[in-house]
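Take a look at the letters that make up each chain.
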Amino acid sequence: MTSAKGAAFRVKGVVWRIETARKITQFLSFVLFSAVLFGLGPWPIVLPVVFSLGVPQKTVGDAFAMLQWMLHDLVFPWLPLASFFLVAALLGRSLCGWVCPFGFVQDLLGYVKRKHTVVSLRTHNGMIRVKYVVLAVALFVSGTLAISLAMGVGRGYDTALGAFAPAPFNALSPADTLFAIVPRMILDVRYANFDVLMSGILFWARLVIMAIVLVLAVYVPRSWCRYLCPHGAALAFLNRFSFLGLKRDPLKCTKAGCRTCVEVCPMKVPILDLPWEKFTDPECIYCLKCAEACTTKAIKPKFP
Ligand code: SF4
Ligand code: SF4
């Protein structure tokens, strides 16, 4: 075996190992989130990852769904806020890479096509802002509704919002549709609010949004996470202040002519333009594909 072939083989082997470890973690997280179905009771744990508001039997809760519900019930959302800040401070956006069930589904869909669509840098830089708009709109609706309800003038607003009132984002969330609506359609199990969610245009809108998001994930890796997820937006904002980051050794990095790390990154992080000593890019989900793909092992996690 030539040395070039040997090196390629070794890189492939290491990437396979880290990917396997990540997939196992993602799969176990997915099972754990639904473990109540296997007899494990719900835990008072809330994590900033997209799961589903529509499944009452959850072991671990979805922080953004809970935040919206608590605002609607006029309870200060201290638990989901603490979850966002604590997780982001310690681990940045790494739960997106290793734990989130909807991220896991997108990663699996990414295997459908070997060659993915290349999004131009200009389009990418414009599109990554859309998720902040999704977050802002959901928070605006939840916040204004909570304020008007607290002032005793919000009943009409609440009624007008209908299925959007308790959790505006989740009323159209593709994760809710995938993890709650579709299984309920298949199993025909009824649950609170199901009739409202299934009715008319909202139901079809949910299905269409889910289908578009899932198909997009086949062509553009992690497209939902990059461009649309409000959890991702909140964590991206907080990621800059995370203890966890990555560092790139300037002595080992053969920057000239090698862009392997940038090419394997599912989030299009401009690794080679970031500081050597530590980078905590808003879009980085700490999947470590870059670290494992680097033939000189120049990239490593850094904490703090
Ligand atoms: S950005 Fe992706 S991985 Fe992170 S919470 Fe959203 S769907 Fe999950
Ligand atoms: S920079 Fe590295 S760890 Fe971060 S998302 Fe890209 S490949 Fe994953």
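Procedures and definitions
Residues numbered from 1 in each chain as written. Chains lettered and ligands numbered in written order. Predicted model: local features only at pLDDT ≥ 70, side-chain atom pairs only at ≥ 80, totals over all residues. Heavy atoms only, no water. Helix = DSSP H or I, 4+ residues; strand = E, 2+ residues; numbered from the N terminus. Buried < 20%, exposed > 50% of the residue type's maximum accessible area, 1.4 Å probe, protein only. Contact = heavy atoms within 4.5 Å. Areas by Shrake-Rupley, 256 points an atom, 1.4 Å probe, with all protein chains shown as cover. Near = heavy atom within 4 Å. Nonpolar A, V, L, I, M, F, W, Y, C, P; charged D, E, K, R; others polar. Phe/Tyr/Trp six-rings, centres within 6.5 Å; stacked < 30°, edge-to-face > 60°. Lys NZ or Arg CZ within 6 Å of the ring centre and 35° of its normal. Core = buried A, V, L, I, M, F, W, Y, C linked by side-chain atoms within 4.5 Å. Salt bridge = Lys/Arg side-chain N within 4 Å of Asp/Glu carboxyl O. Axes fitted to C-alpha atoms, helices over the stretch in contact; angles between N-to-C directions. Parallel < 35°, antiparallel > 145°, perpendicular 65-115°, else oblique. Left-handed = near helix turned anticlockwise from the far one by under 90°.

**Q** What's the story with the overall build of the protein in this structure? I'm lost.
**A** For the protein, the count of helices and strands is 15 helices and four strands. Relative to its full complement of 304 residues, the protein shows a buried share of 50%. In the protein, the share of contacts with a sequence separation of at least 24, taken over all contacts with a separation of at least 6, comes to 74%. Taken as a whole, the protein presents about 15,400 Å² of accessible surface, with 72% of it coming from carbon and sulfur.

**Q** Got a minute to help me understand unusual backbone geometry in this structure?
**A** Excluding glycine, most residues fall at negative phi; most peptide bonds, likewise, are trans. The omega torsion of the bond from Phe303 to Pro304 falls at 0°, within 30 degrees of zero and hence cis. Mapped onto the elements of the fold, Pro304 is located in the segment after strand E4 (299–302). A positive phi angle, near 70°, is found at Leu288, a position not held by glycine. Positionally, Leu288 belongs in the loop between helix H14 (260–264) and helix H15 (289–293).

**Q** Is there a simple way to explain the site of ligand 1 in this structure?
**A** All residues in the neighbourhood of ligand 1 are listed as Val49, Val50, Arg93, Cys96, Cys100, Gly103, Arg222, Trp224, Cys225, Cys229, His231 and Gly232. Elements that contribute at least two residues to the shell around ligand 1 include exactly helix H12 (223–227) and helix H13 (230–239). Here the residues of the shell around ligand 1 are counted per class, giving seven nonpolar, three polar and two charged.

**Q** Sorry if this is basic, but what is going on with the packing of aromatic side chains here?
**A** Centre-to-centre distance and the angle between the planes together describe a pair of aromatic rings. Under the criterion given, the structure shown has nine aromatic pairs. Note on Phe102 and Phe179: the rings are 6.2 Å apart at their centroids and 85° apart in plane angle, and the pair reads as edge-to-face. Within this pair, whereas Phe102 is found in helix H5 (residues 101–110), its partner Phe179 is found in helix H9 (residues 174–187), the two being separated by 77 residues in sequence. Of the residues examined, Phe179 reaches a relative accessible area of 12% and is grouped as buried. Look at Phe237 and Phe241: their rings are 6.3 Å apart centre to centre, the planes differ by 75°, and that puts the pair in the edge-to-face class. Members of the aromatic cluster, each reached through a chain of ring pairs, are Phe30, Phe64, Phe102, Phe104, Phe169, Phe179 and Trp224. The cationic tip of Arg248 hangs over the ring face of Trp276; the distance from NZ or CZ to the ring centre is 4.1 Å.

**Q** Would you mind showing me how to read the site of ligand 2 here?
**A** Taken together, the neighbourhood of ligand 2 is formed by 13 residues, with Cys265, Cys284, Cys287, Leu288 and Cys290 sitting nearest. Residues belonging to the shell around ligand 2 are distributed by class as follows: twelve nonpolar, no polar and one charged.

**Q** Teacher, can you tell me more about the nonpolar core here?
**A** Note that soluble globular proteins tend to have their nonpolar side chains buried in a common cluster. Core analysis: the biggest nonpolar cluster contains 63 residues, and Leu47, Phe102, Leu246 and Ile271 have the highest contact counts within it. Ranked by residue count, the leading element in this core is helix H11 (residues 200–219), at five residues. Discounting residues that sit within four places of it in the chain, Leu246 has contacts with Glu277, Lys278, Phe279, Cys284, Tyr286, Leu288, Cys290, Ile299, Lys300, Pro301 and Lys302. Ranked by size, the runner-up nonpolar core spans five residues in total, among them Val141, Leu149, Leu161 and Ala165.

**Q** Quick question: what am I supposed to make of the pattern of salt bridges here?
**A** When charged atoms on two side chains of opposite charge get close, those side chains can pair. Tallied over the entire structure, the rule returns eight salt bridges. Lys23 is the partner of Glu19 in a salt bridge, and the nearest nitrogen-oxygen pair spans 3.2 Å. Note that Glu19 and Lys23 are positioned in helix H1 (residues 3–33) at a spacing of four residues, about one turn of the helix. For the pair formed by Glu19 and Lys23, the shared burial category is buried. Shared partners join several salt bridges into a network, and the residues in it are Glu19, Arg22, Lys23, Asp107 and Arg222.

**Q** How should the packing of helix H3 (residues 78–91) against H13 be read in this particular structure?
**A** Relative orientation and spacing of two packed helices are given, respectively, by the angle between their axes and the distance between those axes. Interhelical geometry of H3 versus H13 gives an angle of 50° and a closest axis separation of 9 Å. Put simply, H3 runs oblique to H13. The hand of the H3/H13 crossing is right-handed. Where H3 approaches H13, its residues Phe84, Phe85 and Ala88 are matched on the opposing element by His231, Ala234, Leu235 and Leu238. Of the residues that constitute the contact of H3 with H13, the class distribution is six nonpolar, one polar and no charged.

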